[in-house]
Amino acid sequence: MSRQDEASGSDTTGVNNNGRRENQSETFLNESPLLATPWKPHRWSHALVKDWLLKLKCCLGRVCGMEWYGYAVLGILTAILSFVMDLSVTKLLRAHQWLHTQLEGNRVLQFFCWTLYPASLCAVSSSFSHNICPFSTGSGLPEVRVMLAGIEMPQYLSLTNMFSKFLGLTCTLAAGSTVFLGKVGPFVHLSTMVGGYLSNLCTLTQANEEEKATGEMLVVAAAVGVASCFGAPISGVLFSVEVMSSHFALRNYYPCFFSVACGALTFRLFSVWSGEEETLQALFQTNFASALPFFPLEIVLFAFLGLLCGAVSCCYLSCHRCILRFTKTNPVIVKMLTTEKGVYSGLVAFLLASLTFPHSIGRYMASKCTMKQLLTSLLDSRQWISQYYNATDQLEPESLWEWSSPGCPVYLSLAVFLLMKLWMLVLACTLPLPAGYFMPVFIYGAALGRLLAEGITYVSSSGVTSGQDWASINPGGYALAGAAAFSGAVTHTLSPALLAVELTGQFSHTVPILLATLLANALARSGNRPSFYDALSISKRLPHLPSLTMVCPRLPTTLVGKAVAAKTVQLRRTADLVEIQHAIDTSTERQIPVVDSYESSILLGFVLRSELLMFLRHYNVEMLGKPLEEVCCLHPTSVLLSPHNTIQEAHGILTVAGSQPLFVTDRGRLVGLISWPEMKRILEDLTNEI
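Conventions used here
Residues numbered from 1 in each chain as written. Predicted model: local features only at pLDDT ≥ 70, side-chain atom pairs only at ≥ 80, totals over all residues. Heavy atoms only, no water. Helix = DSSP H or I, 4+ residues; strand = E, 2+ residues; numbered from the N terminus. Buried < 20%, exposed > 50% of the residue type's maximum accessible area, 1.4 Å probe, protein only. Contact = heavy atoms within 4.5 Å. Areas by Shrake-Rupley, 256 points an atom, 1.4 Å probe, with all protein chains shown as cover. Axes fitted to C-alpha atoms, helices over the stretch in contact; angles between N-to-C directions. Parallel < 35°, antiparallel > 145°, perpendicular 65-115°, else oblique. Left-handed = near helix turned anticlockwise from the far one by under 90°. Nonpolar A, V, L, I, M, F, W, Y, C, P; charged D, E, K, R; others polar. Arc of directions from axis to C-beta. pLDDT = per-residue confidence, 0-100. Pairing = 2+ DSSP bridges. Salt bridge = Lys/Arg side-chain N within 4 Å of Asp/Glu carboxyl O. Patch = residues over 30% accessible without salt bridge, like charges linked within 9 Å, V, L, I, M, F, W, Y side chains within 5 Å. Core = buried A, V, L, I, M, F, W, Y, C linked by side-chain atoms within 4.5 Å. 1 Å grid on protein atoms, 1.4 Å probe; cavity = no way out; pocket = protein on both sides within 12 Å on 5 of 7 lines; lining within 4 Å. Points joined across faces, edges and corners; volume = space filled by probe spheres on them. Polar contact = N/O pair within 3.5 Å; in protein donor to acceptor, adjacent residues only side chain to side chain. Phe/Tyr/Trp six-rings, centres within 6.5 Å; stacked < 30°, edge-to-face > 60°. Lys NZ or Arg CZ within 6 Å of the ring centre and 35° of its normal.

**Considerations on the overall build of the chain**
So, point 1. Counting its regular elements, the chain contains 30 helices and 6 strands.
So, point 2. Relative to its 690 residues, the chain shows a buried fraction of 50%.
So, point 3. Sequence-distant contacts, at least 24 apart, represent 74% of the contacts inside the chain between residues at least 6 apart.
So, point 4. Counting only carbon and sulfur atoms, one obtains 62% of the accessible surface of the chain, whose full area is about 32500 Å².

**Points about unusual backbone geometry**
So, point 1. The backbone phi angle of Phe 180 is positive, close to 65°, even though this residue is not glycine.
So, point 2. Its place among the elements puts Phe 180 in the loop between helix 6 (159–174) and helix 7 (184–205).
So, point 3. A relative accessible area of 2% places Phe 180 in the buried class.
So, point 4. Even without being glycine, Arg 667 reaches a positive phi, approximately 55°.
So, point 5. Look at Arg 667 and you get exposed, because its relative accessible area is 83%.

**Side note on the packing of helix 29 (residues 647–657) against helix 30 (residues 676–687)**
So, point 1. Running from N to C, helix 29 and helix 30 point in directions that differ by 150°, and their axes come no closer than 11 Å. In terms of orientation, helix 29 lies roughly antiparallel with respect to helix 30. Considering the relative orientation of helix 29 and helix 30, their crossing is left-handed. For the pair formed by helix 29 and helix 30, the contact residues are Ile 647, Ala 650, His 651, Leu 654 and Thr 655 on the first element and Trp 676, Met 679, Ile 682 and Leu 683 on the second.
So, point 2. The residue makeup of the contact of helix 29 with helix 30, split by class, is 7 nonpolar, 2 polar and no charged.

**Things to note about helix 29**
So, point 1. Regarding helix 29, the residues found buried are Ile 647, Ala 650, His 651, Leu 654 and Thr 655. The buried residues of helix 29 all sit within an arc of 135° when viewed along its axis, so they share a single face.
So, point 2. Buried residues belonging to helix 29 abut helix 24 (545–551), helix 25 (560–563), strand 4 (640–641), strand 5 (662–666), strand 6 (669–674) and helix 30.
So, point 3. Positive phi appears at Gly 658, one or two residues downstream of helix 29, with a value of about 80°.

**Side note on the confidence of the model for the chain**
So, point 1. In the predicted model, the chain carries a mean pLDDT of 80, and 81% of its residues have values of at least 70.
So, point 2. Residue range residues 1–41 is modelled with pLDDT below 50. Its contacts to residues more than four positions away, or to other chains, number 3 contacts.
So, point 3. Low pLDDT (under 50) marks residues 207–211, which in the prediction has 5 contacts with non-local residues, meaning those over four places away or in another chain.

**Describing the sheet that holds strand 4**
Strand pairing in a sheet relies on backbone hydrogen bonds, with the paired strands running either antiparallel or parallel.
So, point 1. Spatially, 4-5-6 is the arrangement adopted by the 3 strands of the open sheet, whose pairing is mixed. Two strands in the sheet have a free side with no partner beyond their single neighbour: strand 4 and strand 6.
So, point 2. Strand direction decides the pairing type here: strand 5 and strand 6, joined by 5 bridges, are antiparallel. Following the sheet pairing, Phe 663 is matched in strand 6 by Leu 673.

**Notes on the pattern of salt bridges**
So, point 1. Applying the stated criterion across every chain, the model contains 7 salt bridges.
So, point 2. With a shortest N-O distance of 2.9 Å, Lys 540 and Glu 143 are connected by a salt bridge. On the criterion of sequence distance, the pair formed by Lys 540 in helix 23 (residues 532–540) and Glu 143 in helix 5 (residues 141–148) is long-range, its members being 397 residues apart.
So, point 3. Under the relative-accessibility criterion, Lys 540 is labelled partly exposed at 34%.
So, point 4. Overall, Glu 143 belongs to the buried group, its relative accessible area being 3%.
So, point 5. Measuring nitrogen to oxygen at the nearest pair gives 2.9 Å for the salt bridge that ties Arg 145 to Asp 534. Here Arg 145, found in helix 5, pairs with Asp 534, found in helix 23; they are 389 residues apart in sequence, far enough to count as distant.

**Side note on a nonpolar patch on the surface**
So, point 1. Together, Val 73, Ile 76, Leu 77, Ile 80 and Val 84 line one region of the surface with nonpolar side chains, adding up to about 340 Å² of accessible area.
So, point 2. Relative to the elements of secondary structure, Val 73 occurs in helix 3 (residues 66–102).
So, point 3. A residue is classified by how much of its surface remains accessible, and Val 73, at 37% relative accessible area, is partly exposed.

**A word on the nonpolar core**
So, point 1. If you look at the biggest cluster of nonpolar residues, it comprises 152 residues, and the most contacted ones within it are Phe 230, Tyr 316, Phe 417, Ile 443, Phe 532 and Ile 674.
So, point 2. Among residues more than four places away in sequence, those in contact with Phe 532 are Tyr 316, Leu 317, His 320, Cys 429, Tyr 437 and Val 490.
So, point 3. Within the second largest apolar cluster, 13 residues are counted, among which are Val 607, Leu 612, Phe 615 and Leu 628.

**Notes on empty space enclosed by the protein**
So, point 1. A complete count under the given rule lists 3 cavities of 30 Å³ or more for this structure.
So, point 2. If you add up the space inside the largest cavity, you get close to 60 Å³.
So, point 3. As for the largest cavity, its lining consists of Val 184, Val 226, Phe 230, Ser 235, Phe 239, Phe 438, Ser 495, Pro 496 and Leu 499.
So, point 4. Of all the elements in the fold, those that place two or more residues in the lining of the largest cavity are helix 8 (210–230), helix 9 (233–244) and helix 21 (495–504).
So, point 5. Of the residues that constitute the lining of the largest cavity, the class distribution is 7 nonpolar, 2 polar and no charged.

**Observations regarding the side chain of Ser 177**
So, point 1. With respect to the helices and strands, Ser 177 occurs in the loop between helix 6 and helix 7.
So, point 2. Within the local environment of Ser 177, its side chain forms a polar contact with the backbone oxygen of Cys 369, the two atoms lying 2.7 Å apart.

**Here's the deal with the sheet that holds strand 3 (residues 603–608)**
So, point 1. With mixed pairing, 3 strands are arranged side by side in an open sheet as 1-2-3. Each of the sheet's edge strands pairs with one partner strand only, and the pair in question is strand 1 (571–572) and strand 3.
So, point 2. Strands strand 1, strand 2 (591–595) and strand 3 of the sheet are contacted by helix 27 (residues 609–618), whose axis makes an angle of about 65° with strand 3.

**Considering the environment of Leu 514**
So, point 1. The residue Leu 514 is located in helix 22 (residues 510–525) in this model.
So, point 2. For Leu 514, a relative accessible area of 38% puts it in the partly exposed group.
So, point 3. Leu 514 sits 18 residues away from Pro 496 along the chain, and the two C-alpha atoms are 9.1 Å apart.

**Points about the packing of aromatic side chains**
So, point 1. In total, this model carries 22 aromatic pairs according to the counting rule given.
So, point 2. An angle of 25° between the planes, with centres 5.1 Å apart, marks the rings of Phe 83 and Phe 270 as stacked. Of this pair, Phe 83 sits in helix 3 while Phe 270 sits in helix 10 (residues 253–273), and the two are 187 residues apart along the sequence.
So, point 3. Residue classification places Phe 83 among the buried positions, given a relative accessible area of 13%.
So, point 4. For the pair Phe 135 and Tyr 156, a centre-to-centre distance of 5.0 Å together with 65° between the ring planes defines the contact as edge-to-face. Remark: Tyr 156 occurs in the loop between helix 5 and helix 6 and Phe 135 occurs in the loop between helix 4 (107–132) and helix 5; sequence separation between them is 21 residues.
So, point 5. The class for Phe 135 is partly exposed, based on a relative accessible area of 35%.
So, point 6. The buried category is assigned to Tyr 156, whose relative accessible area is 11%.
So, point 7. Linked through ring pairs, Tyr 316, Tyr 437, Tyr 444, Phe 486, Phe 532 and Tyr 533 together constitute an aromatic cluster.
So, point 8. Here Lys 183 stacks its cationic end above the ring of Phe 187, 5.0 Å away from the centre of that ring.
So, point 9. Seen from the ring of Phe 180, Lys 421 lies directly overhead, with NZ or CZ sitting 4.6 Å from the centre.

Put into structure tokens, the structure is as follows:
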């Protein structure tokens, strides 16, 4: 007994000692100035940052809404991305030129350097885009148009897509003028991705305006993408209105101009800070005569140039549609574009680079010039023909040397350039990599206008015509009008006319440029021909109704009653808890229709999904026996469709209504429901019949 008592006493003593140690350690922790409170990682810093962010939000919110700061940030971020991309592309192009110069004297090594460099970059761009995110290939403008119409395509706004699109587009542009691809389309897509993420941040502070903020931010981002490429804010907004939006709300007008002004200003300031320019000025400087820019009779020539650009654009668009159909039907091409995209891009780029090799036919196409150098030289106001035949007036190397070669007149180089680049550009459009197609057609139109002006100069100098009016024309003005007219005809827009003026600052040629663009558009639109971007939408079978109407005129006249889904989730007026839970589980719509009974299906109104979820969370025993109309608010329907309405009418109403679904009723009886997901399904089903 004594031993047991001693053992128990020793245990009690040990417990007391352990208790004293724990009390002492707790006392020490409480007395320690560093560990006075329970330790959590970064608790103090997180609270401080959150407090400062709330104060900043309150201060900024007093000046204007938070979405306006989002618009400014969108313009600045997009301009930074554009400048970083241009800087990277310039470095890569200079590396290619330096390597080609170092191999001077060895034609074989120069050939492989000239061809393998762009072929490798195109193969890397295609393989990288395909493996990281297959949705990043192509222009991206057709998909952006579908999203701006209201149809959700979240895979095209992902962070992975933005990363792969940026790197892939950089590699594509670094291939240079040999591949002859541009930047505008993919960069508009990049800007839309940035706008999508900024809209998510803005909706955190404005949860009640989520849909409105997202829609406005995407429309603004489309305009900022164009403005950040050229530093042209006004034409950027107009391009967004013409190409992107089938329905442009006036409430987006001022945010678009505000954001593009921030983006264009930032883009031009970066050019000044980097040392490229001394001050803010037009991207392509010209020296047109301002006293007498053109003679009155030249209006006829500008009109003829517009018709010529329209005719050539019809030929180009026809070839483009043919090559798109060929790539969709030829089994060999289909297999390569499915499994071996990198190999296909490398082979096509190698072929294009081989044709532009400077020591072969490439010397007649100014192949050593970059895209910017090509456009700058074509906009030169001097007459190349007169300088070529005048031995005392030598050509200046910085602008004209690439267009002239011994024994080859300048107009012959322009003719070869136009003939070769027409089919080469059509072939380059099949490359499965991020690429834009606006700048190449803009340059092509400038070469077409330049050739017409040089031809008139040659005819007048040879004595066929008399008078000083034709001998002193400005070829640069015709090149500028041709660039706007041809690019406008290809895209079915008028904004290139304003873009040409903003890029050069030449307001003296505004009237002839606009006249040429209008005539080119009239000829290109005749016969209900699809534009370049419409052809891409049709080829990809995207649910874009204005594009699908071009190829299937009967599509818009399809009746809603034949296309809408017959089964629609609905609730009766006296629905119980089980029916409400079943409707929540089977429907994703924000508005669930309420009918008088399942047999009659007479539409009474709708209930909000959020209210039903709130009811399910907070219901009690007293609510179980009550009907639906007593526990939830029954909202009246503002817009109803008939089964005899057409798909085009439903699409137009849905564009204005936004996310609000449209109920289809026949004499008060609920037939179906049309929302944007349902409209997407209807258009996809109809495109399968094309």
